[in-house]
Amino acid sequence: SASGVNGVNTNNGILRIENTENVQEAYASLIFSSREDTGGATGRSRIISGMMTSGADTGGFLAFVTRRTRSYNEQLRITNWGLIGIGTTTPSARLAVTSNSFAGGRAFVVADANNVERLTVLDGGSVGIGTSSPFAKLSVTNTGSGPSFMVADSADPDASPFIIDASGNVGIGTTTPWAKFSVRS
């Protein structure tokens with residue numbers, strides 16, 4: 001083992017993996033490994049690492065790393081500020097998702113229990129609701145009978161909404177437009 005590495009400590013029922021070097025970029029890691037097919041050498045397949053980013057023990061992060069084609073790739077990071085980065089080591093918000101070439105141009109997807117994509121955000125910023133391949137910056141595909149789009153205030157029911165129904169009719173001041181463009185005062 002390396003200098004300053006205490007190894008595994010199970011004091012008081014807590015599993016602790018510790019690197020006691022008080023230097024910047026000191027890692028402590030939990031490594032999952034398996035035997036490789038060639039030569040019987042042990043290969044690391046998944047790694048969870050904690051890293052101290054300042055020598056004063058005031059900052060650090062937790063990284064989830066996977067192995068692909070004999071190289072290690074950080075997939076997820078949780079910073080000492082609680083920011084979560086998926087595909088990025090420098091998240092700029094509570095949740096930052098950065099796509100890569102393996103995601104097929106899709107940065108973010110929300111699917112239902114049947115794995116049907118209901119919300120898709122592409123790398124270029126296009127958003128699809130009800131479609132997995134948006135054709136505009138905002139694409140809404142209505143697969144049901146309810147409204148496709150509605151703007152309302154907090155009143156219930158709203159007396160003056162803006163609505164686009166499932167047929168494509170636009171209504172202002174009505175929730176039931178009777179023509180392609182209906183206005184009720």
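Scroll up for the structure.
**Quick notes on the pattern of salt bridges**
Argument step 1. The final tally for this structure, using the stated rule, is three salt bridges.
Argument step 2. Note that E117 is salt-bridged to R106, the shortest N-O span being 2.8 Å. Here E117, found in strand β10 (residues 117-122), pairs with R106, found in strand β9 (residues 106-111); they are eleven residues apart in sequence, far enough to count as distant.

**Here's the deal with a nonpolar patch on the surface**
Argument step 1. Residues I86, L95, V97, F108 and V110 make up a contiguous nonpolar surface patch of about 370 Å² in total accessible area.
Argument step 2. Counting residues per element, the ones that place at least two in the nonpolar patch are β8 (95-97) and β9.
Argument step 3. Here F108 is to be found in strand β9.

**Considering the side chain of D165**
Argument step 1. Here D165 shows up in the loop between β14 (162-164) and β15 (170-172).
Argument step 2. Buried charge without a partner: D165 forms no salt bridge, and the closest opposite charge is K180, 6.9 Å away.
Argument step 3. One polar contact links the side chain of D165 to the main-chain amide nitrogen of S167, over a distance of 2.9 Å.
Argument step 4. Excluding residues within four positions of it along the chain, D165 makes contact with P147, S148 and P177.

**Examining the packing of aromatic side chains**
Argument step 1. One pass over the full model with this rule turns up one aromatic pair.
Argument step 2. Look at F149 and F162: their rings are 6.2 Å apart centre to centre, the planes differ by 75 degrees, and that puts the pair in the edge-to-face class. With F149 in strand β13 (residues 149-151) and F162 in strand β14, the pair connects residues that are 13 residues apart, well separated along the chain.
Argument step 3. A residue is classified by how much of its surface remains accessible, and F162, at 29% relative accessible area, is partly exposed.
Argument step 4. A cation over a ring is seen here: R77 above F61, with NZ or CZ 3.6 Å from the ring centre.

**Overview of the environment of T174**
Argument step 1. You can see T174 is positioned in the loop between β15 and β16 (181-183).
Argument step 2. Using a relative accessible area of 4% as the deciding quantity, one classes T174 as buried.
Argument step 3. Sequence separation of T174 and R184 is ten residues, and the distance between their C-alpha atoms is 6.1 Å.
Argument step 4. Beyond its immediate chain neighbours, meaning those up to four positions away, T174 contacts P161, I163, S182 and R184.
Argument step 5. One polar contact links the side chain of T174 to the main-chain amide nitrogen of T176, over a distance of 3.0 Å.

What counts and how
- Residues numbered from 1 in each chain as written.
- Predicted model: local features only at pLDDT ≥ 70, side-chain atom pairs only at ≥ 80, totals over all residues.
- Heavy atoms only, no water.
- Salt bridge = Lys/Arg side-chain N within 4 Å of Asp/Glu carboxyl O.
- Helix = DSSP H or I, 4+ residues; strand = E, 2+ residues; numbered from the N terminus.
- Patch = residues over 30% accessible without salt bridge, like charges linked within 9 Å, V, L, I, M, F, W, Y side chains within 5 Å.
- Areas by Shrake-Rupley, 256 points an atom, 1.4 Å probe, with all protein chains shown as cover.
- Buried < 20%, exposed > 50% of the residue type's maximum accessible area, 1.4 Å probe, protein only.
- Lys, Arg positive; Asp, Glu negative; His and termini not counted.
- Polar contact = N/O pair within 3.5 Å; in protein donor to acceptor, adjacent residues only side chain to side chain.
- Contact = heavy atoms within 4.5 Å.
- Phe/Tyr/Trp six-rings, centres within 6.5 Å; stacked < 30°, edge-to-face > 60°.
- Lys NZ or Arg CZ within 6 Å of the ring centre and 35° of its normal.

Remember, this is a structural readout, not a statement about activity or role.
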